[in-house]
Amino acid sequence: IAAGIAHGLGYGDNFQSVLMSNAIREMKRFIKKMHKMKRNINNSAYLGDLLVTGYSTFSRNRMFGNMIGKGYTVKSAQMEMNMIAEGYYATKSAHQLNEKNVRKTQLPIIDAVYSILYENKNPKKVFKKLTEKLDWFWLFVVSIKLRGKRHKRLATLPKHPLIALKEWFVKPSR
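Definitions and limits used
Residues numbered from 1 in each chain as written. Predicted model: local features only at pLDDT ≥ 70, side-chain atom pairs only at ≥ 80, totals over all residues. Heavy atoms only, no water. Axes fitted to C-alpha atoms, helices over the stretch in contact; angles between N-to-C directions. Helix = DSSP H or I, 4+ residues; strand = E, 2+ residues; numbered from the N terminus. Parallel < 35°, antiparallel > 145°, perpendicular 65-115°, else oblique. Left-handed = near helix turned anticlockwise from the far one by under 90°. Contact = heavy atoms within 4.5 Å. Nonpolar A, V, L, I, M, F, W, Y, C, P; charged D, E, K, R; others polar. Expected span 1.5 Å × (residues − 1). Buried < 20%, exposed > 50% of the residue type's maximum accessible area, 1.4 Å probe, protein only. Arc of directions from axis to C-beta. Polar contact = N/O pair within 3.5 Å; in protein donor to acceptor, adjacent residues only side chain to side chain. Phe/Tyr/Trp six-rings, centres within 6.5 Å; stacked < 30°, edge-to-face > 60°. Salt bridge = Lys/Arg side-chain N within 4 Å of Asp/Glu carboxyl O. pLDDT = per-residue confidence, 0-100.

## Topic: the packing of helix 4 (residues 60-69) against helix 5 (residues 74-81)
A packed helix pair is summarised by two numbers, namely the angle formed by the two axes and the spacing between the axes.
Consideration 1: One can describe the packing of helix 4 onto helix 5 by two numbers: an axis separation of 9 Å at closest approach and a directional angle of 135 degrees. Considered as vectors, helix 4 and helix 5 are oriented oblique to each other. In this structure, helix 4 meets helix 5 at a crossing whose hand is right-handed. Within the contact between the two elements, helix 4 uses Arg60, Met63, Phe64, Met67 and Ile68 and helix 5 uses Val74, Ala77, Gln78, Glu80 and Met81.
Consideration 2: Split into classes, the residues belonging to the contact of helix 4 with helix 5 amount to seven nonpolar, one polar and two charged.

Here it is as structure tokens:
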């Protein structure tokens, strides 16, 4: 749903990749806190499902999120889809499980989506705040490799490329 909201708000592929890589780490943290037995999230039941749900334009969850990002209300998006986006209910369950757990973990993506879907928060404002909580380190590495070469925009970055890259990649296209 988060990937769909981001797409609906006009965030590009670079932001989507940051969002998805953070979602993978968030899923690992959540599963580790909730289940005492060791689980490998790299199999298709976890990671595969997350990736196809986040990137496929046929995903009901992504489609639902896209509608929310474009300004639909939850109710209107649900009615228009005529299908169930399981992530709507899964978001609430994950949020509540984490809130009830003595060993809470940081779940900025789940919390952001929950606040949009269940607390009627503004998706644009919530995602602006979410960008400040995501891990952008890999973009810093990319910026060092690209700075001053093919990308004119990167060549004109201020002294701290991580902050500038974040602003450059996060800026919605509209």
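Additional details are given in the paragraphs that follow.
## Let's talk about helix 6 (residues 86-100)
Consideration 1: For helix 6, with 15 residues, the first-to-last C-alpha span of 21 Å sits near the 21 Å given by 1.5 Å per residue.
Consideration 2: Of the positions making up helix 6, those classed as buried are Gly87, Tyr88, Thr91, Ala94, His95 and Asn98. Down the axis of helix 6, the smallest arc covering the buried residues is 135 degrees, so these residues share one side.
Consideration 3: Against the buried residues of helix 6 lie helix 2 (13-34), helix 4, helix 5 and helix 7 (108-118).

## Some points on the side chain of Ser21
Consideration 1: Checked against the element boundaries, Ser21 lands in helix 2.
Consideration 2: A distance of 3.0 Å separates the side chain of Ser21 from the backbone oxygen of Val18, its partner in a polar contact.

## Here's the deal with the packing of aromatic side chains
Consideration 1: The tally for this structure, following the rule as stated, stands at seven aromatic pairs.
Consideration 2: Ring geometry for Tyr114 and Tyr118: centres 5.1 Å apart, planes at 25 degrees, overall stacked. Here Tyr118 and Tyr114 lie together in helix 7, a separation of four residues that amounts to about one turn.
Consideration 3: Among the aromatic side chains, those forming a connected cluster through ring pairs are Phe64, Tyr88, Tyr89, Tyr114 and Tyr118.

## What to know about the pattern of salt bridges
Consideration 1: Counted according to the given criterion, the structure contains two salt bridges.
Consideration 2: A salt bridge links Glu86 to Arg60, with the shortest nitrogen-to-oxygen separation between them at 2.7 Å. Remark: Arg60 occurs in helix 4 and Glu86 occurs in helix 6; sequence separation between them is 26 residues.
Consideration 3: With a closest N to O distance of 3.6 Å, Lys104 and Glu99 form a salt bridge.

## Points about the environment of Gly10
Consideration 1: The residue Gly10 is located in the loop between helix 1 (2-9) and helix 2 in this model.
Consideration 2: Looking at Gly10, the relative accessible area reads 11%, which means it is buried.
Consideration 3: Sequence spacing of Gly10 and Asn66 is 56 residues, and the spatial spacing of their C-alpha atoms is 9.5 Å.

## A few points about the confidence of the model for the protein chain
Consideration 1: Looking at the protein chain, pLDDT values average 81 and 77% of them are 70 or higher.
Consideration 2: This stretch, residues 146-162, has a pLDDT under 50; its non-local contacts, to residues over four places away or in other chains, come to 19 contacts.

## Some words on the side chain of Thr131
Consideration 1: Relative to the helices and strands, Thr131 resides in helix 8 (residues 123-133).
Consideration 2: When its relative accessible area of 5% is taken as the criterion, Thr131 is described as buried.

## Considerations on the environment of Lys92
Consideration 1: With respect to the helices and strands, Lys92 occurs in helix 6.
Consideration 2: The spatial distance from the C-alpha of Lys92 to the C-alpha of Tyr118 is 7.8 Å, given a sequence separation of 26 residues.
Consideration 3: Setting aside chain neighbours within four positions, we find Lys92 in contact with Tyr114 and Tyr118.

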